[in-house]
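A structural walkthrough
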Amino acid sequence: MDGDRVVGHILFSLVVVETQAGPFDALGLGPMAVLPERQRGGIGSKLVTTGLTQCTALDYPAVVVLGHPDYYPGFGFVPAHRFGITCEFPSPPEAFMIRELQAGALAGKSGIAKYHAAFDAV
Ligand SMILES: CC(C)(COP(=O)(O)OP(=O)(O)OC[C@H]1O[C@@H](n2cnc3c(N)ncnc32)[C@H](O)[C@@H]1OP(=O)(O)O)[C@@H](O)C(=O)NCCC(=O)NCCS
């Protein structure tokens, strides 16, 4: 917020990663957006870093994101296929990324990430 005006938005929602050993819960980042006239001013970075801190405090193992492959690596995201994790939605492999919130949390946890049903309509 800037005063009473919303200048940026970020959402994290529950994502279930289905693995051969059973499902585990993670979080999905997105959608996020900053007002066009306020972009490139650091608001998006603050939303991501503050959000990731809160996700860590909530004790989730990881956050996934389907987005710009040039933007999210700056916040520690790497292509999820490195962990054998794919997205239920068809997407370029480099666009589906993941960030561990606890070191080693994704070891041996390959599977398919499924978003909340609300995203099926997108
Ligand atoms: C992507 C978005 C949320 C970034 O917010 P922002 O407030 O402009 O981001 P920041 O000012 O914190 O930028 C951080 C860095 O990312 C870079 N960056 C911003 N948008 C980028 C993009 N689309 N692709 C690659 N890099 C980008 C900036 O240049 C900046 O790098 P710098 O510090 O070296 O200059 C914003 O541009 C936006 O709302 N875009 C339209 C909606 C959108 O694409 N949402 C994301 C869907 S995945």
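Residues numbered from 1 in each chain as written. Predicted model: local features only at pLDDT ≥ 70, side-chain atom pairs only at ≥ 80, totals over all residues. Heavy atoms only, no water.

Now for the environment of Thr-50. Relative to the assigned elements, Thr-50 resides in helix H1 (residues 43-57). Within polar-contact distance, the side chain of Thr-50 engages the backbone oxygen of Lys-46 at 2.8 Å. (Helix = DSSP H or I, 4+ residues; strand = E, 2+ residues; numbered from the N terminus. Polar contact = N/O pair within 3.5 Å; in protein donor to acceptor, adjacent residues only side chain to side chain.)

Quick look at the site of the ligand now. Around the ligand lies a shell of 15 residues, among which Val-34, Arg-40, Gly-42, Gly-44 and Ser-45 are the nearest. At 2.7 Å from an oxygen atom of the ligand is found a main-chain nitrogen or oxygen belonging to Arg-40. Gly-44 is positioned with one of its backbone polar atoms (N or O) 2.8 Å from an oxygen atom of the ligand. Compared with its free state, where it exposes 870 Å², the ligand has 62% of that area covered by protein. Contributing elements (two or more residues each) for the shell around the ligand: strand S2 (22-34) and H1. (Near = heavy atom within 4 Å. Areas by Shrake-Rupley, 256 points an atom, 1.4 Å probe, with all protein chains shown as cover.)

Counted under the stated rule, the structure contains five aromatic pairs. Taken together, a centroid distance of 5.3 Å and an interplanar angle of 65° make the contact between Tyr-71 and Phe-75 edge-to-face. The partly exposed category is assigned to Tyr-71, whose relative accessible area is 31%. Linked through ring pairs, Tyr-71, Tyr-72, Phe-75 and Phe-77 together constitute an aromatic cluster. We note Lys-109 situated over the ring of Phe-24; from NZ or CZ to the ring centre the distance is 4.8 Å. (Phe/Tyr/Trp six-rings, centres within 6.5 Å; stacked < 30°, edge-to-face > 60°. Buried < 20%, exposed > 50% of the residue type's maximum accessible area, 1.4 Å probe, protein only. Lys NZ or Arg CZ within 6 Å of the ring centre and 35° of its normal.)

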